[in-house]
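Here are the chains, one letter per residue:
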Amino acid sequence: MKKELLIGFLIGIAANIAGSYLYIFFFSEYTLETTLQIALEEDVLGNIIALGAVLTLCAFFIFLKKNQIYRARGAVFAVILASIIVLISKFY
């Protein structure tokens, strides 16, 4: 059970990172490093992380479709972690 939660969590984090990268790749005219630097300066890094979490939603539904409930829970934990990071980035 713990192994399945960890796998779902790691896949959720990887999906979030991939979603953030894809958002930057398709919608930014700068390189990845430059975009992240600008996002830090303008306090919009949380928005990019939140948009990256959309891809984790896809992983969540795939896990549910395959009846892998514990992996789906791990993906939910990854979304919760991303939302906590976004919340912290908004206030600090």
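Higher on the page you've got the structure.
Described in the following lines is the structure provided in the data block. What you see is a predicted model, and the numbers here were worked out from it, not measured in a lab. (Residues numbered from 1 in each chain as written. Predicted model: local features only at pLDDT ≥ 70, side-chain atom pairs only at ≥ 80, totals over all residues. Heavy atoms only, no water.)

### Some thoughts on the packing of helix α1 (residues 2–27) against helix α3 (residues 45–65)
Put simply, the test is: Axis definition: a line fitted to C-alpha atoms, limited for helices to the stretch in contact. Angles are taken between N-to-C directions and run from 0 to 180 degrees. Secondary structure elements are defined from DSSP: runs of H or I of at least 4 residues count as helices, runs of E of at least 2 residues count as strands, and each element is numbered from the N terminus. Here the word oblique covers every angle except those under 35 degrees (roughly parallel), over 145 (roughly antiparallel) and from 65 to 115 (roughly perpendicular). Whether a crossing is left-handed or right-handed is set by the direction in which the near helix is turned from the far one by less than a right angle, anticlockwise for left-handed and clockwise for right-handed. Pairs of residues are marked as contacts when any of their non-hydrogen atoms sit within 4.5 Å. Each residue gets one of three labels, nonpolar for Ala, Val, Leu, Ile, Met, Phe, Trp, Tyr, Cys and Pro, charged for Asp, Glu, Lys and Arg, and polar for the others, Gly among them.
Where α1 contacts α3, the two axes come as close as 7 Å, and the packing angle between them is 135°. With respect to their mutual orientation, α1 and α3 come out oblique. Viewed along their axes, α1 and α3 form a crossing whose handedness is right-handed. Listed contacts from α3 to Gly-8, Ile-11, Gly-12, Ala-15, Asn-16, Ala-18, Gly-19, Ser-20, Leu-22, Tyr-23 and Ile-24 of α1 are Ile-48, Ile-49, Leu-51, Gly-52, Ala-53, Leu-55, Thr-56, Ala-59 and Phe-63. For the contact of α1 with α3, a count of residues per class yields 13 nonpolar, seven polar and no charged.

### Structural notes on a nonpolar patch on the surface
Quick note on the threshold: Each patch is built from residues that are more than 30% exposed by relative accessible area and take part in no salt bridge. Like charges join if they lie within 9 Å; nonpolar side chains (Val, Leu, Ile, Met, Phe, Trp, Tyr) join within 5 Å. All accessible-area figures derive from a Shrake-Rupley calculation using a 1.4 Å probe, and residue coverage is judged against the displayed protein chains alone. Any carboxyl oxygen of Asp or Glu that lies within 4 Å of a side-chain nitrogen of Lys or Arg is treated as forming a salt bridge with it. Throughout, exposure labels follow a simple rule: accessible area from a 1.4 Å probe, protein chains only, divided by the maximum for the residue type, with under 20% read as buried, over 50% as exposed, and the rest as partly exposed.
Nonpolar side chains collect at one region of the surface, where Tyr-21, Leu-22, Tyr-23, Phe-25, Phe-26, Phe-27, Leu-32, Leu-36, Leu-51 and Leu-55 lie side by side and expose about 960 Å² of accessible area between them. Only α1, α2 (32–41) and α3 provide two or more residues apiece to the nonpolar patch. Summarising the element assignment, Leu-36 is placed in helix α2. Among the residues examined, Leu-36 registers a relative accessible area of 31% and is labelled partly exposed.

### Side note on the pattern of salt bridges
With the rule as written, the count across this model stands at one salt bridge. Linking Arg-71 and Glu-4 is a salt bridge whose minimum nitrogen-to-oxygen distance equals 2.6 Å. Remark: Glu-4 occurs in helix α1 and Arg-71 occurs in helix α4 (residues 69–91); sequence separation between them is 67 residues. Assessed through its relative accessible area of 28%, Glu-4 is described here as partly exposed.

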